[in-house]
Amino acid sequence: MISLRRATVDDVDWLVELYTDEDTEPFLGGRGPRDWDAMRAQVERSQEEPDETGRMIIELDGERVGTMGYDRVSEAHAIARIGGLAVDPAFRGRGIADEAARRFQRYLLLERGFHRLELACYGFNERAIRHSERVGFVREGVKRKAYLRHGEWQDAVLFSLLREDLEP
Ligand SMILES: CC(C)(COP(=O)(O)OP(=O)(O)OC[C@H]1O[C@@H](n2cnc3c(N)ncnc32)[C@H](O)[C@@H]1OP(=O)(O)O)[C@@H](O)C(=O)NCCC(=O)NCCS
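Residues numbered from 1 in each chain as written. Predicted model: local features only at pLDDT ≥ 70, side-chain atom pairs only at ≥ 80, totals over all residues. Heavy atoms only, no water.

Caption draft 1: Highlighting the packing of aromatic side chains. Within this structure, the stated rule accounts for four aromatic pairs. In this structure an aromatic cluster arises from ring pairing among Phe27, Tyr122 and Phe124. (Phe/Tyr/Trp six-rings, centres within 6.5 Å; stacked < 30°, edge-to-face > 60°.)

Okay, here's the thing in C-alpha cells:
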C-alpha cells in the first residue's frame, strides 16, 4: 500500500541520507538541496506555502521509501514542475515510483488545481525516462546539452502531463 504525505522536519535526516546516497545523487539536478539546512528550509517552505511548493514522502505500508516534490512555476497558467523523485535503492524495481507518481499526478491536477505538470530528466537517466513514459508523461522534446553535470554538457528530456491526459 503506497501513500504520499507532506514531509516534516522529522524527515530531514532521512531525506539527506537518501539524496546523498551514491545510487541517487548522480541522477538529481545539480542545484537541489543536499545538506541538512537546505533540506530543512525546503521542508518548512513546503509546510508553510503548499500552493507554491511541496516536498512529499512516499510510504510503503507506513514506512518511508522515497520522495518527490513540486514547485509552482506559473500561477497564471497553473503550471507545476515536478522534481526530486528518488526511491530508496533497497526498494527499487517493484513499481513503487510508478504507483507514487500516479497518485502524485492526481493530487496535483485534481486536488491542488494545477492544469499542467512539467518535469525534466537528464538524457543519461534511462531508468527515470522509462518510468516517466510508463506513468503517462508525454515527451515534448530535448533541451540539448543544457546542463553541466559530471563535468559534461547533458541533455534534458522534457515531459508534461495535462489534466485532460489523466485517465478517468
Ligand atoms: C527513477 C527512480 C525513482 C525509479 O524508481 P524504480 O524503482 O526504478 O521505478 P519503479 O519502482 O517504478 O520500478 C520500475 C522498474 O521495476 C520493474 N517492476 C518490477 N515489478 C513492477 C511492478 N509491479 N510494477 C511496475 N514496475 C515493476 C519495472 O519493469 C521497471 O523496470 P525498469 O526500470 O528496468 O524499466 C529510481 O530509479 C531512483 O530513485 N533513481 C535515482 C534518482 C533519480 O533518477 N530520480 C529521477 C530524476 S528525473
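Caption draft 2: Focus on the pattern of salt bridges. Applying the stated rule across the entire model yields 16 salt bridges. The residue Glu25 makes a salt bridge to Arg34 at a minimum N-O spacing of 3.0 Å. What makes Glu25 partly exposed here is its relative accessible area of 25%. In this structure Arg34 comes out as buried when scored by relative accessible area, which is 18%. (Salt bridge = Lys/Arg side-chain N within 4 Å of Asp/Glu carboxyl O. Buried < 20%, exposed > 50% of the residue type's maximum accessible area, 1.4 Å probe, protein only.)

Caption draft 3: Seen up close, the pairing of strand β6 (residues 138-149). In the sheet, β6 pairs with strand β7 (residues 152-162) via eight bridges, with the strands oriented antiparallel. Paired with Val142 across the strands is Val157, a residue of β7. Linking β6 to β7, which pair antiparallel, is a turn of two residues; within it His150 sits at a positive phi near 55°. (Pairing = 2+ DSSP bridges. Helix = DSSP H or I, 4+ residues; strand = E, 2+ residues; numbered from the N terminus.)

Caption draft 4: Structural view of the side chain of Thr24. Among the secondary structure elements, Thr24 is positioned in the loop between α1 (12-20) and α2 (36-48). At 3.4 Å, the side chain of Thr24 forms a polar contact with the backbone oxygen of Leu18. Ignoring sequence-local partners within four residues, the contact set of Thr24 consists of Leu18, Tyr19, Ala86, Pro89 and Arg92. (Polar contact = N/O pair within 3.5 Å; in protein donor to acceptor, adjacent residues only side chain to side chain. Contact = heavy atoms within 4.5 Å.)

Caption draft 5: Layout of the nonpolar core. In this structure, Ile96, Phe104, Leu108, Leu117 and Phe137 are the most contacted members of the largest nonpolar core, which totals 31 residues. Elements with a contribution of two residues or more to this core: β2 (53-60), β3 (63-74), β4 (79-87), α3 (96-111), β5 (116-122), α4 (126-134) and β7. For this core, the element with the most residues is α3, which contributes eight residues. Ignoring anything within four residues of it in the chain, the contact list for Phe137 reads Ile82, Gln105, Leu117, Leu119, Ser132, Phe159, Ser160 and Leu161. (Core = buried A, V, L, I, M, F, W, Y, C linked by side-chain atoms within 4.5 Å.)

Caption draft 6: Looking closely at the site of the ligand. Close contacts around the ligand come from 20 residues, with Leu85, Gly93, Asp98, Asn125 and Arg127 the closest. Take Ile96: an N or O atom from its main chain is 2.9 Å from an oxygen atom of the ligand. Between Ala97 and the ligand, the recorded distance is 3.0 Å, taken from a backbone N or O atom to an oxygen atom. Considered on its own, the ligand offers 940 Å² of accessible surface; in the complex 73% of this is hidden by protein. Mapped by element, the contributors of at least two residues to the shell around the ligand are β4, α3, β5 and α4. When the residues that make up the shell around the ligand are grouped by side-chain class, the tally is nine nonpolar, four polar and seven charged. (Near = heavy atom within 4 Å. Areas by Shrake-Rupley, 256 points an atom, 1.4 Å probe, with all protein chains shown as cover. Nonpolar A, V, L, I, M, F, W, Y, C, P; charged D, E, K, R; others polar.)

Caption draft 7: Representation of the packing of α1 against α2 within the structure. Closest axis-to-axis distance for the α1/α2 pair is 9 Å, and the angle between their directions is 120°. When the axes of α1 and α2 are compared, the pair comes out oblique. Considering the relative orientation of α1 and α2, their crossing is right-handed. On α2, the residues that touch Val12, Asp13, Leu15, Val16 and Tyr19 of α1 are Trp36, Met39, Arg40 and Val43. Taken together, the residues that form the contact of α1 with α2 break down as seven nonpolar, no polar and two charged. (Axes fitted to C-alpha atoms, helices over the stretch in contact; angles between N-to-C directions. Parallel < 35°, antiparallel > 145°, perpendicular 65-115°, else oblique. Left-handed = near helix turned anticlockwise from the far one by under 90°.)

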